[in-house]
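Breakdown of the fold
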Amino acid sequence: MLILDPTSLTLPTLRQLWQGEECRLDDASMARIRTSAAAVERIVAGGETVYGVNTGFGLLANTRIPAERLAELQRNLILSHSCGLGEPLKRHVVRLMIVLKMLGLGRGYSGVRPLVLDALQALLDADAMPVIPSQGSVGASGDLAPLAHLVSALLGEGRIDLGGEVMPAGQALERMGRKPLELGPKEGLALINGTQASTAIALDALFLGQRVFWAAIAAGGLSVEALKGSVKPFDERLSAVRGQPGQIAVAAALRGLLDGSAIVASHPGCGRVQDPYSFRCQPQVMGAALDLLTNAGRTLEIEAGAVTDNPIVFGKDDGGEDIAISGGNFHAQPVAFAADIIAMALCEVGSLSERRTSVLVDPKMSGLPAFLTDDGGVNSGLMIPQVTAAALVSENKSLAFPVSVDSIPTSAGQEDHVSMAPIAARKAVTIARNAAGIVAIELIAASQGVDYHAPLATSPRLQQLHATVRSISPHLETDRYWADEMAALQSAVLAGEIGWADDA
């Protein structure tokens with residue numbers, strides 16, 4: 001079990017959580033939570049008017065709520081905001097949302113009681129995932145609708161997926177041996193203010209995208225072999241004089257993949273000077289994409305443990321008086337930018353991969369049989385798989401337009417600029433999955449191309465990749481049904497089974 005310190009998170013730890021590792025907050029976090037809850041109790045007892053603690057919300061922030069209705073205020077907040085639409089978020093994303101919410105609360109500036117954390121932990125321990133619609137958040141004032149659906153489940157409202165069985169939330173809580181949560185002052189607001197939905201989905205896109213990226217590097221190396229392309233563009237001196245870290249890393253990765261290749265050794269003086277850009281410029285294009293993914297990862301690593309609710313509570317232990325400061329940490333613009341950057345980087349990864357496939361199936365460009373089949377005419381070979389790749393590339397282009405430049409006022413103009421982060425993040429996930437399909441098709445084409453160079457062998461590392469591809473998609477002798485093989489390879493890419501290593 002991972003013991004989580006929200007003040008010291010890393011991307012590898014977040015990846016473990018994304019993959020379903022069991023976890024709980026550390027003792028220091030729980031101590032901070034108790035201290036912050038005590039500060040809220042003192043604020044309420046002192047009669048001070050504090051937004052979200054004893055006032056209405058949004059445009060109704062100036063409406064003072066009497067003490068006897070504070071619990072009703074918090075419950076109504078959750079129910080009124082549980083208004084999402086669309087397909088439910090995937091279970092692993094919901095689980096990550098819960099963990100991220102616990103991390104944010106664990107910083108000790110939200111004023112919730114420890115029993116709220118106990119309720120969230122109980123969901124994780126019982127594999128009880130609230131059913132959360134994917135649409136309805138604009139990524140400002142927090143991911144209000146998605147997080148409200150999460151909290152509604154704790155109140156016994158909505159639905160819970162309990163170990164794969166979807167049922168009314170009240171029934172699931174009863175099976176878990178738990179009573180519906182009764183919220184105290186500020187707790188409802190603390191739970192639904194925050195960027196945890198956007199960040200969880202963006203991390204999903206990032207971690208899938210990293211797997212797609214390294215699978216594309218491996219596919220690119222295999223395609224160089226199929227083309228009998230030049231390895232000179234991967235010379236470390238070329239990348240060193242430019243100095244871009246991603247380019248240097250990708251060139252080194254390609255050199256490692258091609259090391260020991262008999263195919264490379266078979267054409268040392270062939271006079272091949274300039275391969276098409278999709279082969280020759282892999283370090284430059286893929287390196288730039290790697291740098292973008294790295295930078296987006298830094299943003300999301302910070303956001304995962306950030307305090308993003310409102311107001312934020314600073315107690316006497318923070319060096320001053322008890323005070324709740326209203327600000328805008330809930331605004332998810334950093335996440336929106338990061339998600340859009342992930343989307344654009346993966347769009348280019350897929351675009352470059354498709355171009356290599358296009359070169360390989362074109363006999364004028366590759367010198368290989370047309371569409372990589374011996375009996376062309378009767379057989380279409382890889383003609384239409386390349387069309388599928390082209391279709392996915394075109395779809396990704398339309399999806400890659402940045403959502404973070406969009407905004408629409410909400411809450412009667414009170415929330416007059418919003419981030420659209422959850423939309424950007426969901427879009428990035430779609431692009432990652434599409435790019436995995438594009439790379440899967442290249443893997444089939446490159447493996448077929450390498451087969452034509454037998455008995456010359458590719459490098460030891462690429463032989464392993466070739467064998468993996470061939471275990472899913474055998475050598476093409478005559479036309480056959482493609483879809484299942486392509487989907488299986490796409491799944492292998494997304495599962496990190498091709499080109500990926502945990503330390504990549």
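Here the structure is a predicted model, which means the values were calculated and not measured.

1. Description of the overall build of the chain
Regarding its fold elements, the chain presents 20 helices and nine strands. Its C-alpha atoms put the chain at 85 × 50 × 45 Å along the principal axes. Per-residue burial over the chain gives 55% buried out of 504 residues. For the chain, long-range pairs separated by at least 24 residues make up 77% of all intrachain contacts whose partners lie at least 6 apart in sequence. Summed over its atoms, the accessible surface of the chain is roughly 20300 Å², and 54% of this surface lies on carbon and sulfur atoms.

2. Observations concerning the side chain of Ser 419
Along the chain, the position of Ser 419 falls in the loop between helix 17 (383-399) and helix 18 (421-451). Reaching out from Ser 419, the side chain makes a polar contact with the backbone nitrogen of Ala 421 at a distance of 3.1 Å. When residues no more than four places from it in sequence are discounted, the contact partners of Ser 419 are Val 138, Gly 139, Ala 140, His 331, Ala 332, Gln 333, Ala 336, Val 403 and Ser 404.

3. Thoughts on a negative patch on the surface
On the surface, Asp 374, Asp 375, Glu 477 and Asp 479 cluster together into a patch of negative charge. Mapped onto the fold, Asp 374 is located in the loop between helix 16 (363-366) and helix 17. We classify Asp 374 as exposed; its relative accessible area is 58%.

4. Observations concerning the state of the cysteines
Inspection of the entire model under this criterion finds zero disulfides. Cysteine Cys 347 remains unbridged, with the sulfur of Cys 281 as its closest cysteine sulfur at 17 Å. Residue Cys 347 is classed as buried on the basis of its relative accessible area, which comes to 6%.

5. Considerations on helix 1 (residues 11-18)
Most of helix 1 sits inside the fold, with six of its eight residues counted as buried. Among the residues of helix 1, those classed as buried are Leu 11, Thr 13, Leu 14, Arg 15, Leu 17 and Trp 18. Of the surrounding elements, those touching the buried residues of helix 1 are strand 1 (2-4), strand 2 (23-25), helix 4 (91-105), helix 9 (196-227) and helix 14 (282-304). Looking one or two places after helix 1, you find Gly 20, whose phi comes out positive at around 100°.

6. Comments concerning the pairing of strand 6 (residues 159-162)
Sheet analysis places strand 4 (residues 128-130) next to strand 6, joined by three bridges and oriented antiparallel. Opposite Met 129, over in strand 6, you have Asp 161 as the bridge partner. Bridging between strand 6 and strand 7 (residues 165-168) involves four bridges; their strand directions are antiparallel. From the neighbouring strand, Leu 162 faces strand 7, where its bridge partner is Glu 165. In this structure, the hairpin formed by strand 6 and strand 7 is closed by a connection of two residues, where Gly 163 is found at a positive phi of approximately 60°.

7. Looking at unusual backbone geometry
Excluding glycine, most residues fall at negative phi; most peptide bonds, likewise, are trans. A cis amide bond links Asn 310 to the next residue, Pro 311, at an omega of -5°. Along the chain, Pro 311 turns up in the loop between helix 14 and strand 8 (312-314). In the segment running from Ala 454 into Pro 455, the intervening peptide bond is cis, with an omega of 15°. With respect to the helices and strands, the residue Pro 455 is situated in the loop between helix 18 and helix 19 (460-472). Positive phi outside glycine occurs at Ser 141, with the angle close to 60°. You can see Ser 141 is positioned in the loop between strand 5 (133-135) and helix 6 (144-154). For Lys 228, which is not a glycine, the phi torsion comes out positive at approximately 55°. Within the fold, Lys 228 resides in the loop between helix 9 and helix 10 (236-242). Using a relative accessible area of 28% as the deciding quantity, one classes Lys 228 as partly exposed.

The rules behind these values
- Residues numbered from 1 in each chain as written.
- Predicted model: local features only at pLDDT ≥ 70, side-chain atom pairs only at ≥ 80, totals over all residues.
- Heavy atoms only, no water.
- Helix = DSSP H or I, 4+ residues; strand = E, 2+ residues; numbered from the N terminus.
- Buried < 20%, exposed > 50% of the residue type's maximum accessible area, 1.4 Å probe, protein only.
- Contact = heavy atoms within 4.5 Å.
- Areas by Shrake-Rupley, 256 points an atom, 1.4 Å probe, with all protein chains shown as cover.
- Polar contact = N/O pair within 3.5 Å; in protein donor to acceptor, adjacent residues only side chain to side chain.
- Patch = residues over 30% accessible without salt bridge, like charges linked within 9 Å, V, L, I, M, F, W, Y side chains within 5 Å.
- Salt bridge = Lys/Arg side-chain N within 4 Å of Asp/Glu carboxyl O.
- Lys, Arg positive; Asp, Glu negative; His and termini not counted.
- Charge placed at Lys NZ, Arg CZ, Asp CG, Glu CD.
- Disulfide = S-S within 2.5 Å.
- Pairing = 2+ DSSP bridges.

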